[in-house]
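Residue-level structure breakdown
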Amino acid sequence: MTLVIAGYSKGGFEEGIYFAADSHITQNNHILVKGFKKVIELPIRVKGLNFCGDWFNGYLGNRYESSCAIAFSGSSLVAQHLINSMKNHLSELYPTFSDGRYQIVMSCEKRKHLRNNDNYSEDMFLDRDLDNILTGEYLSQVVCHSIEAVLNEARKHGSMSRLFVAYQAEFIFGVQCAQTREHQLYQYEIVPDEELGAKVEYVRIAQDELAVIGEKIKFKESALEALKDCPSTDKPSYAMFSFLNQSINNENSIGNNGIGRPSVLFNLEGRILKKIQHEN
């Protein structure tokens, strides 16, 4: 299993979103891998526009580049495939004008892309038109679509309901909104569905809440209590990292290896995911 706890950093120099994560990969309580990285950085890229006067000459380079953080729990094989889908979608986004407004669209939405050799007024696609259309909420929808795209392909094999456990996975997505500059946190879960076999559900995490994946049923309530008990002068990230390590100690002491060290504390500050603490 897995235990990853994420929340909003505040206090002192530390702002953004923190992730406290264990690193065990196990099967039937047997340790397969220690030190597996369960929180990773993914790129966000929006294509640039190449105009010659009012003539659109194609997408060129990247107009905007940033990064976000993804944490995962579940089958490492399936989760890695889902993360690859997220990476592909987030790293190839396109500005366009569709349905009467400026938008950012995905690579798979080709019918919405600007077409080469089309003419547009020279007062269109100015910086002021494009600077505020990429939002954290939109990127959270891209992540959701990335998961659904994989599930849609998997449904073609007709075994999703029967083999649901193999597809079960959870994710935490952390990003700084380019429009508001605020950090945003979202939690995703693949859940069973009678008609579809499996579907993805996701929620935005409020500032005073936690995102917990993996052993969330066992630990989320006590993690929230530990967060509430954290003195206002302390950083919540360090309180949650301490809680994670104490939980690992308690589980390992009774022979449960589902979570374990090395444990790592990350912080996503702006566009950069940094490792700020580590415990073997």
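Our subject is the structure listed above.
The structure presented is a predicted model; accordingly, all values stated were derived computationally and were not measured.

**Quick look at the overall build of the chain**
The secondary structure content of the chain amounts to six helices and 14 strands. Against the globule reference of 19 Å for 280 residues, the chain gives a C-alpha radius of gyration of 21 Å, in line with a compact fold. With respect to the three principal axes, the spread of C-alpha positions in the chain is 70 × 50 × 30 Å. Counting all 280 residues of the chain, 50% fall into the buried class. The long-range share in the chain, meaning contacts at least 24 apart out of those at least 6 apart in sequence, stands at 62%. Here the chain displays about 13,900 Å² of accessible surface, and carbon together with sulfur accounts for 47% of that area.

**A word on unusual backbone geometry**
Trans peptide bonds make up most of the peptide bonds, and negative phi angles are found at most residues other than glycine. Between Arg261 and the following residue, Pro262, the backbone shows a cis peptide bond with an omega angle of 5 degrees. If you check the backbone angles, Phe125 has positive phi at about 60 degrees while not being a glycine. In this model, Arg181 sits at a positive phi of 70 degrees, which is unusual for a non-glycine residue. Inspection of the secondary structure puts Arg181 in the loop between strand S9 (169-176) and strand S10 (183-193).

**Observations regarding the side chain of Asn245**
Among the secondary structure elements, Asn245 is positioned in helix H6 (residues 236-253). The contacts of Asn245, once residues within four sequence positions are left out, are Arg261, Ser263 and Glu279.

**Quick word on the pairing of strand S1 (residues 3-9)**
Burial within S1 is extensive, with seven of its seven residues counted as buried. Here S1 runs beside strand S12 (residues 211-214); their pairing, made up of four bridges, is antiparallel. By the bridge assignment, Val4 is partnered in S12 with Ile213. As paired elements, S1 and strand S2 (residues 16-21) share six bridges and run antiparallel to each other. Within S2, the residue paired with Tyr8 across the bridge is Ile17.

**Thoughts on the state of the cysteines**
Per the counting criterion, the structure on display carries zero disulfides. Counting only cysteine sulfurs, Cys177 is the nearest neighbor of Cys68, a cysteine outside any disulfide, at a range of 13 Å. Looking at Cys68, the relative accessible area reads 0%, which means it is buried.

**With respect to the environment of Glu269**
Note on placement: Glu269 falls in strand S13 (residues 263-269). Residue Glu269 is classed as partly exposed on the basis of its relative accessible area, which comes to 35%.

**Quick look at the side chain of Asp193**
Tracing the chain through its elements places Asp193 in strand S10. In this structure the side chain of Asp193 is engaged in a polar contact, spanning 3.0 Å, whose partner is the backbone nitrogen of Glu195. Among all residues touching Asp193, those that are not within four sequence positions of it are Ala198 and Lys199.

**Thoughts on the packing of aromatic side chains**
In total, this model carries 13 aromatic pairs according to the counting rule given. Between Tyr102 and Phe125 the ring centres are 5.3 Å apart and the planes differ by 80 degrees, which places this aromatic pair in the edge-to-face class. Linking Tyr102 in strand S8 (residues 101-106) with Phe125 in the loop between S8 and helix H2 (127-130), this pair joins segments that are 23 residues apart in sequence. Take Tyr102 and Phe125: they sit in the same class, and that class is buried. On the numbers, 6.2 Å between centres and 50 degrees between planes, the contact of Tyr186 with Tyr202 is tilted. Taken together, the positions of Tyr186 in strand S10 and Tyr202 in strand S11 (residues 197-204) put the pair 16 residues apart, joining distant regions of the chain.

Each value, and the rule that gives it
- Residues numbered from 1 in each chain as written.
- Predicted model: local features only at pLDDT ≥ 70, side-chain atom pairs only at ≥ 80, totals over all residues.
- Heavy atoms only, no water.
- Helix = DSSP H or I, 4+ residues; strand = E, 2+ residues; numbered from the N terminus.
- Rg over C-alpha atoms; globule rule 2.2 N^0.38 Å.
- Buried < 20%, exposed > 50% of the residue type's maximum accessible area, 1.4 Å probe, protein only.
- Contact = heavy atoms within 4.5 Å.
- Areas by Shrake-Rupley, 256 points an atom, 1.4 Å probe, with all protein chains shown as cover.
- Pairing = 2+ DSSP bridges.
- Disulfide = S-S within 2.5 Å.
- Polar contact = N/O pair within 3.5 Å; in protein donor to acceptor, adjacent residues only side chain to side chain.
- Phe/Tyr/Trp six-rings, centres within 6.5 Å; stacked < 30°, edge-to-face > 60°.

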